Amino acid sequence: MTETLSYDAKLELFDVNRGGCALLTMPSPTGPKRILIDCGNYRGKDDVKWSPGRHLQSMGVALLDVLFITNYDEDHVSGYEDLLEHKIAMACIFGNPTVPPEAIVQLKTADGMGRGIATLAASMAERKKLGHAENFPAIPGLGISWCCNSYPEFSDENNLSLVLALDILGIKFLFTGDMELAGFSHLQQTYAPFKTMVGEADILMVAHHGQGSGICTDLFEQHGCQPIVVVISDDYRQYVSQQTTNYYVSKAKGLTDFRGKGPRSVLTTRKDGVITFTFKDNGCVIG
């Protein structure tokens, strides 16, 4: 029996400390399709408080149609082992395709190889060896586009982030991973569609968890990025460079009301917890 959804699409942005994890669920003629963007988990002082595999299993989900990895860094994939432990199958795993699995290991060896990224690299190597085709499914109402800088022209994982654009029933979300100024500048110069992706973004997931190194003024001043709202997936403020909220407030149109508490231009998982975009009847409720 095909599962019936009570909405036309739902995008959930989870609170995973200073990391990333978002789940998109959409109906299709063959049943709901599910896309996970990054797979960080929420780690408390002594243990993991929330994990993607456990969450999906609790929903009765055993298959992800796509797992997008926006950055080959531990905070974006710390829950990958948890997905495997809870027997969540992945039809497609897609990150920056210019970075082979062995290069991920080389990139991370210098600054520490976490268990999540090590396990992901091993999985990607095995899938590559088996000739697994990492193809996206066609989902009605969803458009997927992406771009990235190339390895080894760039050799740091932040500027090798995957920039992912999702057009969900006409509302455009832009995930920028941990891209920094040098990476943004290079994309502007080398990939013409990047400017359109930026200029059309309705919801901007800002780079590098709101740190100053992820700010690229050209996105706003040259390419017309004026999102409805800016979202930051962040932990408590560990660095002075995280104090960028006022800058992003000045660049967003803003919501007239968020959760009945008045207008907001910047949402953060640190302050707001799980942030949900629910699409139904040609509208979208942000809560």
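Our structure's up above, just so we're on the same page.
Residue positions are given per chain, counting from 1 as you read along its sequence in written order. Predicted model: local features are reported for residues with pLDDT of at least 70 only, side-chain atom pairs are reported and counted for 80 or more only, and whole-chain, interface and lining totals are derived from all residues. In computing side-chain properties, one takes all heavy atoms of the structure into account and sets aside hydrogens as well as water.

Here we take up the sheet that holds strand β3 (residues 33-39). At least two DSSP bridges between two strands are required for those strands to pair. Segments assigned H or I by DSSP are reported as helices when at least four residues long, segments assigned E as strands when at least two residues long, and all are numbered from the N terminus. Taken in spatial order, the seven strands of this open sheet run β9-β7-β3-β2-β1-β16-β17, and their pairing is mixed. Here the strands that pair on one side only, and so sit at the sheet edges, are β9 (93-94) and β17 (283-286). The pairing of β3 with strand β7 (residues 66-68) spans three bridges and is parallel. Across the sheet, the residue bridging to Leu36 is Leu67, located in β7.

Glancing now at the side chain of Thr268. Tracing the backbone through its elements, the reader meets Thr268 in strand β15 (residues 266-268). On the basis of relative accessibility, which here comes to 5%, the residue Thr268 falls in the buried class. Polar contacts here mean pairs of N or O atoms no more than 3.5 Å apart (in protein, one a potential hydrogen donor and the other a potential acceptor; neighbouring residues in sequence count only if both atoms are side-chain atoms). In terms of polar contacts, Thr268 uses its side chain to reach the backbone amide nitrogen of Lys271, at 3.1 Å. Relative accessibility thresholds used throughout: buried, under 20% of the residue-type maximum; exposed, over 50%; partly exposed, between the two (1.4 Å probe, protein chains only).

Whenever strands of a sheet pair, they do so through backbone hydrogen bonds, lying parallel or antiparallel. If you walk across this open sheet you meet the six strands as β10-β11-β12-β13-β14-β15, and the pairing is mixed. Of all the strands in the sheet, the pair left with one neighbour each is β10 (142-147) and β15. Ignoring which end each strand starts from, the neighbouring axes of this sheet average 15° apart. The sheet contact formed by β10 and strand β11 (residues 163-168) spans six bridges and is antiparallel. Opposite Leu142, over in β11, you have Ile168 as the bridge partner. Axes here refer to lines fitted to C-alpha atoms; in helices the fit is confined to the stretch in contact. Angles between the N-to-C directions go from 0 to 180 degrees.

Most of β3 is tucked away, with seven of its seven residues classed as buried. Pairing geometry for strand β2 (residues 21-26) and β3, over six bridges, is antiparallel. Following the sheet pairing, Thr25 is matched in β3 by Arg34. Joining the antiparallel neighbours β2 and β3 is a turn of six residues, in which Gly31 adopts a positive phi near 115°.

Let's shift gears to unusual backbone geometry. Cis peptide bonds are those with omega within 30 degrees of zero, and the linkage from Tyr151 to Pro152 qualifies with 5°. Position of Pro152 among the secondary structure elements: in the loop between β10 and β11. One non-glycine residue with positive phi stands out, namely Leu169, at about 50°. Tracing the chain through its elements places Leu169 in the loop between β11 and β12 (171-175).

Right, let's get into helix α6 (residues 181-190). Of all the positions in α6, only Gly183, Phe184, His186, Leu187 and Gln188 are classed as buried. Contacts between residues were defined by any pair of non-hydrogen atoms, one from each residue, lying within 4.5 Å. Against β10, β11, α7 (193-199) and α8 (218-221) lie the buried residues of α6.

In this text, buried Ala, Val, Leu, Ile, Met, Phe, Trp, Tyr and Cys residues form a nonpolar core when linked through side-chain atoms within 4.5 Å. Counting 32 residues, the largest nonpolar core has Leu11, Leu13, Ile37, Ile168, Phe175 and Phe277 as the members making the most contacts within it. Apart from residues lying up to four places away in sequence, Phe175 is in contact with Leu11, Leu13, Ala22, Ile37, Thr70, Leu162, Val163, Leu164, Leu166 and Met205. Residues Phe14, Leu64, Leu67 and Ala121 belong to the second largest nonpolar core, which totals 29 residues.

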